[in-house]
Every structure is written in C-alpha cells, then in structure tokens.
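# Tertiary structure, described
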Amino acid sequence: MKKPRAAAGSRSRHRKQSSSQEGREKRALSSSQAKPSGPDAGLARRQEEVVLQASVSPYHLFRDTAEVTVLRKNLLSWYDLEKRDLPWRRQAEGEMDLDRRAYAVWVSEVMLQQTQVATVINYYTRWMQKWPTLQDLASASLEEVNQLWAGLGYYSRGRRLQEGARKVIEELGGHMPRTAETLQQLLPGVGRYTAGAIASIAFGQAAGVVDGNVVRVLCRVRAIGADPSSTLVSQHLWSLSQQLVDPARPGDFNQAAMELGATVCTPQRPRCSQCPMQSLCRAHQRVSHLRKGQSGDLGSDSFPVTSCPVYAAQMEREQLLASQSLPSSGDVEECAPNTGQCQLCAPPTEPWDQTLGVANFPRKASRRPPREECSATCVLEQPRAVGGARILLVQRPNSGLLAGLWEFPSVTVEPSRQHQPKALLQELQSWVGPLPATRLQHLGQVVHTFSHIKLTYQVYGLTLEEQTPVTTSLPGVRWLTREEFHTAAVSTAMKKVFRVYEGQQPGTCKGSKRSQVSTLSRQKKLSPGQKVLDSFFQPYTSAGAP
C-alpha cells in the first residue's frame, strides 16, 4: 500500500508531531524493561548475519540485485491484479490518520495469528464497529473484549491487544510507536512479525516480515530444506525478507508475499503455473530438472552453474534413479567449507519425495504432541427460576488458559470416572451450597485440543427442580438464561459442552476438526445424506457411570 502524502501546508505540523512522538518513545524506552535495543542490538544482528553468510551456500541467497528487482516487480504486479478485497486492507488504505491506520492494521494482524482469513473477517468487522479507535478499546472492559473475542481462540491475544491500547493512551500520548523496533519494545504481545507488519503497512517503513506463508514462499524460492524453526534457518529467512522488501512499497510487498503463500504457494497442491516468481524459484527448477531426468531429456546444462554441493549430490542420486546416463555437473561453489555440509539444505536422512514436487519445501518441523488432561464439568440448571430457566457459570482466573472467560463449574480429575462425581459435587457446592448428589448425571464427553493441551471434558448435568431458587453473592458467579449464555464470553469448548447437555442423551458424535463431542444422534427420520453422516457415529459406552 502506498503511503499517502501529507498536504504541503501540514508538513511542518507533521514534523513537530514526529519530533514529539520520538520524544515520547525515547522516554518510554528509557523506563522500559524490554529487550536491548540501539547499537548493541544492531551489532548483534550484524554479527549473526556474518556468521550466517559463512555457514550457507550462495545458492540459497539473492546475490544479484537485478534478480531482486525482478522479484519485486513481478510480485507487486501480481498483487495489484490478484489481491483479495479484505476489510482491514480497505480500512488501512482509506485511513489518513496514522494512529488509526496503525490500530486497524494491528487488530487485523493479531486476529490473523493462527486463524484463517474467512474466520477473522466477521470478528474484525464487529470489533472495528464497536471500538473504531485506540481510545474506544482502551476504555472497554476486559469482559467486553472477551465476549467479542469468544470463539476466535487464543484468547490472550484480545487481552494483550487491549493492554497495548491502554499503554498507548496512558503512556504514549495516544500515538502508536512509529518503527518496528519501538513497536516491538513498547507494546505487550507485539513480536517481531507484528511489529514489522504494522511499521511497513501503516508507516511505510522498509521492514521485512516472516510468517508461515512467507516461510513457505522463501523456502521454495531458495530451496531451503533445513528445519525452518531452527535458529539458523529462522535468521536466514528474516535476512532474506529484509533484503527483498521493496523500499518504495514495503507494506504492499509484505502483504503480497503473504498473499502469495496463502493463495498460490500453498502447503499442498501449489499452483506453480500461476506464480509470479516461478522463473526465480529454485524448488520449481529442481522439479523441472528431475522431470527432464525421468524423460531422458537432459541437456549439457543440466545443473545450474551456481549450486549447492549438497543439493547437487542429492540431485545426482535422484537422477541416477530416473536415468542411467547423466552428464557430469557443472562448476559449483563451495559452501560451509569447515563442515562440508550446507546448513540450509535438507539433511541426508530426509530424501526427496517426487510425488510432492515443490511441496518438499519447507521441511515440516517436528511437533511435540499436546499433553493430555481430563476435566469434569457440570451444567447446573434451575428450570423454575424467576424470569425463566437459568444455568450457572463461573469465571476463570485472570491468568493462564482461557483467562477471564466464563465456564460451567469444572474440576481437574483423573481419566477414570470413579471419583469424578464426588470431586465435581464438592466444586459445585463451593459455589452454591448443598446440592442433591443423586441427581448428578453423566451425559457424555467433549475432547478439545488447544495449542498445547488435549483436554477431555466429562460432561455432567444437574437440574434443580425446587421452586426456591439457589442464589449466591460470590464474585465470579452468574446465573444466565440460555440466550444469555450464547452471547457470553465463553469458549468454544463450553459451547460444545452445552450441546451435549441439550442433547440429554449419552452417545458419541464426531465434531469439528479440532474438537469432538460425545452425544447420541437425534432420534428422527434421517435423509439419505444424513444416513451417510450417521454411519460415522458410534455409541458412547457409559460403563461405570453412577
């Protein structure tokens, strides 16, 4: 996005504002306990780049300025024609106030972390309608923020976004920091990527960004086969992104790189024929070369003049399988002379999969499986409460998983259900006093996977038929109607739990990709399509239930 020019008559005012803004940022930095900045940080990064350059092959670099120029031109031309019409882009492009523009970008970047664009659009629109400025967000309550964020996941993002807005209003005079460095150092929850995105899109700073889409694009364009989550590869990717970002249109360039990864250079089945960087892509060159080897159509220039020796050795092995008569490779430059192993190539233990093509890059990082936990939770309802049926919700602590959200009373338990009812009843009584244990019924289970925890909720129900309502004056306790529950600040997992309760029958049903809900399919006449779905259902065994 091109940065709008200020009117000539207002330039002196902008210079004064910029000067005062720099003063505020310097004062904030002097009192901040953030990471070291300034000359020390710059020197450290330059030293990292020197070490990096010495340990990788030039094959993985952009050494030709003409090549960089072509890449920028091709990518931006493609973006101008193919970019998606998204609300945060319209908001930023049409906003002349720098702080409001930066705020609009900030909100979108935080929401888009680990979340698909299609999911974010409605949340972003509602957020900006409710809190169009930093001041509006800073004056909101955490309860309101959690309520709007409910269902978007990774709930600490919304809390930190509000904390950042309050810091801007209370400590920075209402003005956003103007550089990637100060954004990262001064605003809670703003990391290197988010800072670079805000600085480039809102303020026109030539700051590179690296997110999952950019990682995939760069790893393919330069055939980087090593683990992208490793420190060395990560440093190299940031170095490449900074080298490539267009100083004339940094925001558009960064968005174009991310757009390319999201729509063309996708994880599976990338559309290479539509890629504006195909002619510069090492991964595509490799795939094309291997196909020629399989067909026996290899010319005298089969290997690139500039190549990585590790890559060349892998190519030779693979082509020997595809053709019995291969020409010798051309001249290749030395890389990592002290070790003989390029730090950015895939290790020999990771063979090339011809069925994947360019999707061999990037290498998939090994992930630790989430730890498993079990929780017993109870939907406690007063059907005869004054004003209609009410269900009990309690508020989670203000820190940790799902901080500040509302949930049904729950207690961590062992997977065995032998002692779950007793522990859960004690938890319920701590909130509302004595309750009839005989009416506590096990209804099913919900399995929900968070980023690092696979949590199984054993779902219980307890209905209080007495006309005398149960009341409590404890803080963090609410009796809500069913309608109020669906608009409250509750997690997706709790909504799944409530679906089990509403079903009132035990059973098993496959749920969404990230969660599973146990409940019997409804007893009704099924259409042919529903019968197909019903074939996936398996009855839930409730052996040992009280």
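Residues numbered from 1 in each chain as written. Predicted model: local features only at pLDDT ≥ 70, side-chain atom pairs only at ≥ 80, totals over all residues. Heavy atoms only, no water.

By the naming in an unreviewed UniProt entry, the protein chain is Adenine DNA glycosylase isoform X4, taken from Camelus bactrianus.

## Things to note about the overall build of the protein chain
Of regular secondary structure, the protein chain possesses 20 helices and eight strands. Evaluated residue by residue, the protein chain yields a buried proportion of 47% over its 546 residues. Accessible surface, the protein chain: about 28,000 Å² in total, of which carbon and sulfur atoms supply 50%. (Helix = DSSP H or I, 4+ residues; strand = E, 2+ residues; numbered from the N terminus. Buried < 20%, exposed > 50% of the residue type's maximum accessible area, 1.4 Å probe, protein only. Areas by Shrake-Rupley, 256 points an atom, 1.4 Å probe, with all protein chains shown as cover.)

## Here's the deal with the pattern of salt bridges
Applying the stated criterion to the full structure yields 17 salt bridges. For Glu95, the salt bridge goes to Arg100, with nearest N and O atoms at 3.9 Å. By sharing partners, the salt bridges in this structure join Asp80, Arg249 and Asp252 into a single network. (Salt bridge = Lys/Arg side-chain N within 4 Å of Asp/Glu carboxyl O.)

## Concerning the nonpolar core
Counting 68 residues, the largest nonpolar core has Trp106, Met111, Trp127, Met176, Ile198 and Phe408 as its most contacted members. When residues of this core are assigned to their parent elements, the largest contribution, eight residues, is made by helix H5 (residues 98-111). Among all residues touching Met111, those that are not within four sequence positions of it are Val120, Tyr123, Tyr124, Trp127, Trp149, Leu152 and Arg157. Counting 47 residues, the second-largest nonpolar core is a separate cluster that includes Tyr59, Tyr79, Val217 and Ala257. (Core = buried A, V, L, I, M, F, W, Y, C linked by side-chain atoms within 4.5 Å. Contact = heavy atoms within 4.5 Å.)

## Examining the packing of helix H6 (residues 117-130) against helix H8 (residues 142-149)
Between H6 and H8, the shortest axis-to-axis distance is 10 Å and the interhelical angle comes to 155°. Classed by the angle they form, the pair H6 and H8 counts as roughly antiparallel. Contact residues: Tyr123, Arg126, Trp127 and Lys130 in H6; Glu144, Val145, Leu148 and Trp149 in H8. Looking at the contact of H6 with H8 residue by residue, the classes come out as five nonpolar, no polar and three charged. (Axes fitted to C-alpha atoms, helices over the stretch in contact; angles between N-to-C directions. Parallel < 35°, antiparallel > 145°, perpendicular 65-115°, else oblique. Nonpolar A, V, L, I, M, F, W, Y, C, P; charged D, E, K, R; others polar.)

## Some words on the side chain of Arg89
Mapped onto the elements, Arg89 comes out in helix H4 (residues 87-94). You can call Arg89 buried: its relative accessible area is 9%. Filtering out sequence-adjacent residues up to four positions away, Arg89 remains in contact with Tyr79, Lys83, Arg84, Gln255 and Glu259.

## Observations concerning the environment of Val233
Take Val233: it is sitting in helix H13 (residues 231-244). Along the primary structure Val233 and Gln343 are separated by 110 residues, whereas in three dimensions their C-alpha atoms are 8.0 Å apart.

## Considerations on the pairing of strand S1 (residues 371-382)
In terms of burial, S1 is a largely internal element, nine of the twelve residues being buried. Examined bridge by bridge, S1 and strand S6 (residues 453-463) share eleven bridges and lie parallel to one another. Note on S6: the bridge partner recorded for Cys374 is Thr456. Here S1 pairs with strand S4 (residues 410-413) via four bridges, running antiparallel. (Pairing = 2+ DSSP bridges.)

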